[in-house]
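Single-letter residue listing:
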Amino acid sequence: MNLPSPPVKAAPRQDGGAPPVLSMAPGPADAAEECSKKQKNDDTQSASVDALSSNDGSEEKNDLDTLANAKILLSDCLACDSCMTLEEGARVFQQNQKEFFRVLNLNKKCDTSKHKVLAVSLCPQSLPYFAAKFNLSVNEAAKRLCGFLKSLGVHYVFDTTIAADFSILESQREFVQRYQRRNQEEHALPMFASACPGWIRYAERVLTNLVTSHICTAKSPQQIMGSLVKGYFARQQNLSPDKIFHVVVAPCYDKKLEALREDFYTALYNSAEVDCVLTSGEIVQIMEQKNVSMKDVTEVAVDSLFDDLKEGDVVRHDGKRSDGYLEHIFKHAAKELFGVDVKEITYKALKNKDFQEVTLEKDGETVLRFAAAYGFRNIQNMVLKLKKGKFFYHFVEVLACPGGCLNGKGQAQTEDGKPDRALLAQMEEVYTAIPVRLPETNLHVQRMYQDWLEGMDSKKVQDTLHTTYSAVNQSTSSLDIKW
Ligand code: SF4
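The structure displayed is predicted, hence computed values, not measured ones.

Rules used throughout
Residues numbered from 1 in each chain as written. Predicted model: local features only at pLDDT ≥ 70, side-chain atom pairs only at ≥ 80, totals over all residues. Helix = DSSP H or I, 4+ residues; strand = E, 2+ residues; numbered from the N terminus. Contact = placed C-beta atoms within 7 Å. Axes fitted to C-alpha atoms, helices over the stretch in contact; angles between N-to-C directions. Parallel < 35°, antiparallel > 145°, perpendicular 65-115°, else oblique. Left-handed = near helix turned anticlockwise from the far one by under 90°. Nonpolar A, V, L, I, M, F, W, Y, C, P; charged D, E, K, R; others polar. Near = placed C-beta within 6 Å. Core = buried A, V, L, I, M, F, W, Y, C linked by C-beta atoms within 7 Å. Buried ≥ 20, exposed ≤ 12 C-beta atoms within 10 Å, placed from the backbone. pLDDT = per-residue confidence, 0-100. Pairing = 2+ DSSP bridges. Expected span 1.5 Å × (residues − 1).

### What to know about the overall build of the chain
Counting its secondary structure elements, the chain contains 16 helices and 11 strands. Counting only contacts in the chain whose residues sit at least 6 apart along the sequence, the fraction spanning at least 24 positions is 75%.

### What about the packing of helix α7 (residues 161-180) against helix α12 (residues 325-338)?
Contact geometry of α7 with α12 gives a least axis separation of 9 Å together with a crossing angle of 45°. Classed by the angle they form, the pair α7 and α12 counts as oblique. The way α7 lies across α12 gives a crossing that is right-handed. Only Tyr-325, His-328, Ile-329, His-332, Ala-333, Glu-336 and Leu-337 of α12 make contact with α7, whose side of the interface consists of Ile-168, Ser-171, Gln-172, Phe-175, Val-176 and Tyr-179. Within the contact of α7 with α12, the residues separate by chemical class into eight nonpolar, four polar and one charged.

### Focus on the site of the ligand
Lining the immediate environment of the ligand, one finds 14 residues, of which Cys-196, Cys-252, Cys-401, Cys-405 and Gly-408 sit closest. Looking at the shell around the ligand, the elements that each hand over two or more residues are α8 (197-207) and α10 (254-259). Within the shell around the ligand, the residues separate by chemical class into nine nonpolar, three polar and two charged.

### Considerations on the nonpolar core
Counting residues in hydrophobic clusters, the biggest one holds 112 residues, and the most contacted among them are Val-120, Ala-142, Val-157, Trp-199, Ala-373, Val-396 and Val-398. Not counting the four nearest positions on each side in its chain, Val-396 is found in contact with Pro-190, Phe-192, Ala-193, Ala-371, Ala-373 and Met-382.

### Considering unusual backbone geometry
Peptide bonds are trans in most cases, and residues, glycine excluded, mostly fall at negative phi. A cis amide bond links Leu-189 to the next residue, Pro-190, at an omega of -5°. Within the fold, Pro-190 resides in the loop between α7 and β3 (191-192). One non-glycine residue with positive phi stands out, namely Asn-238, at about 60°. Relative to the helices and strands, Asn-238 is located in the loop between α9 (221-236) and β4 (244-250).

### Remarks on the confidence of the model for the chain
Across the chain, the average pLDDT comes to 82, with 80% of residues at or above 70. Highest mean pLDDT in the chain belongs to strand β1 (residues 117-122) (98); lowest belongs to helix α1 (residues 28-31) (34). The model gives residues 1-80 a pLDDT under 50, and that stretch makes 162 contacts with residues more than four places away or in other chains. Confidence over residues 476-483 falls short of pLDDT 50; this stretch has 19 contacts with residues more than four positions distant or in other chains.

### Examining the sheet that holds strand β2 (residues 156-159)
Backbone-to-backbone hydrogen bonds join strands into a sheet, with any given pair of strands oriented parallel or antiparallel. Here four strands make up an open sheet; going across it, the order is β2-β1-β4-β7 and the pairing parallel. Both outer strands of the open sheet, β2 and β7 (276-279), are each paired with one neighbouring strand and no more. Strand-to-strand twist in this sheet, taken as the mean axis angle between neighbours without regard to direction, amounts to 25°. Where β4 lies against β7, four bridges are found, and the strand directions are parallel. Its bridge partner lying in β7, Val-249 is registered against Leu-278. Sheet contacts for α9: β1 and β4; angle to β4, the most-contacted strand, approximately 155°.

### Digging into the pairing of β1
Two faces, one strand: in a regular strand the side chains alternate between the faces of the sheet. With five of six residues buried, β1 is to be regarded as a mostly interior element. In this structure, β1 lies alongside β4, joined through six bridges in parallel fashion. Note on β4: the bridge partner recorded for Val-117 is Ile-244. Here four bridges tie β1 to β2, and the two strands are oriented parallel to one another. Bridging from a neighbouring strand, Leu-122 pairs with Asp-159 of β2.

### Notes on the sheet that holds strand β10 (residues 365-374)
Pairing in this open sheet of five strands is mixed, and the strands run β3-β11-β10-β9-β8 from one edge to the other. Sheet topology places β3 and β8 (348-352) at the edges, where each strand pairs with a single neighbour. As paired elements, strand β9 (residues 355-362) and β10 share eight bridges and run antiparallel to each other. Counterpart to Leu-360 in the pairing with β10 is Leu-368. Strands in contact with α12 are β9, β10 and β11 (395-399); relative to β10, the strand with the most contacts, it is inclined by about 165°.

### Re the environment of Pro-221
With respect to the helices and strands, the residue Pro-221 is situated in helix α9. Residue Pro-221 is classed as buried on the basis of its C-beta count, with 27 C-beta atoms lying within 10 Å. For the pair Pro-221 and Thr-160, spaced 61 residues apart in sequence, the C-alpha to C-alpha distance is 6.8 Å.

### Comments concerning α7
Given a rise of 1.5 Å per residue, 20 residues ought to cover 28 Å, and the 29 Å separating the end C-alpha atoms of α7 matches this to within 8%. Burial of α7 is extensive: 14 of the 20 residues sit out of reach of the surface.

### Regarding the packing of α7 against α9
Direction vectors running N to C along α7 and α9 enclose 110°, while the axes themselves pass 8 Å from each other. Of the possible angle classes, the one that applies to α7 and α9 is roughly perpendicular. Along this stretch, α7 crosses α9, giving a crossing that reads as right-handed. Contact residues: α7 offers Ile-162, Ala-163, Ala-164, Phe-166 and Ser-167, while α9 offers Pro-221, Ile-224, Met-225 and Leu-228. Of the residues assigned to the contact of α7 with α9, the class counts are eight nonpolar, one polar and no charged.

Structure (structure tokens):
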């Protein structure tokens, strides 16, 4: 049987480093090997990509950008390039259309021992790209994408919104617990969002102990979807996890790296939660290669993880340019901690519209102070505040892409690799028009907490929906690529 290769071993961890101190002068984080992303932005300061804000979104390119046959431009990856190990580089490049078609082709051969159930999960931030690009409603886009993938031989197409429901619910519970422990536990607050792998990569390899203990332990929607497909769904179907090949369609390349993390691999079954990530742009490439137009594809309802049900209309979470962590956690914390019902969130723009603040006042005192920091320029501003001891936020929703996930580098790019502003504006419109569903109101989620996860406070919840983040020593076997 052609089994997937073993997981990438993480680079050695930095154990025993100094404890994280938020008001510290330059310390362990600065001692780590500098990443070129950091240097690039430090050198150019406000010249970093900011497609949806004010500057032109140009990224430096060089002649090493294009790797033959890889179909991935390393500059498309927001993770710091020099931190990728050789193994990771090789395995990221394996996550491409070829691998997807290899599995599809094996399924057509007589040797059934090599057959796999092919499941594809669609990220909600990818759907507006297909809708805007092909002038479809978001529901039509989801169904036609499902029709196209099934015409290739995919067995199941899922929507990852349910995984984001779990991720948000776990993040908001963790925030409340951390807030309640803030006076006893030095590292309880601030809490940083964990859904963006570009940010996580940067945090673990460059900022290291300065921030890792502050990152929310809830897994990202992509990886929770992996647990749902390889755990819950596999069990329903009476399948071993390694008999499912799970593909995620995502807005960025960073999610390919995320799928490779050692923590998201089960040795017992020799199976990763997510076997392959294809960007929205790579799906369009497949359509072009097959001479298929989205307009001509038959609509097929998206599958549900539950019995033979089909998904209804596409829904999204609060938050116009993200998965809605800030808004949901803010409203939940206001209610749980202070008994305040927040109906509408009012953002205050700080340096630009990708660095915004939200506060809750009670009895003349600011009791909650949250921020959204999108794009490396704003992340670096945030880090500067940390190092200067001028950091007053309880929670920060950090996303590596300026403008949020719609602006992921795996979609809506012009041919010369710049964000397609006109398309992005349409995608924002499409995304904003999607009806909002509160994660708390998803009855399937409630049922799964009880039946599958053995209660909200169970060990299984911790094992299935959470992970850990640690400082990583990136000095070993980096790709020999200079930017
Ligand atoms: S912000 Fe960008 S890098 Fe981060 S998850 Fe979203 S698309 Fe990917």
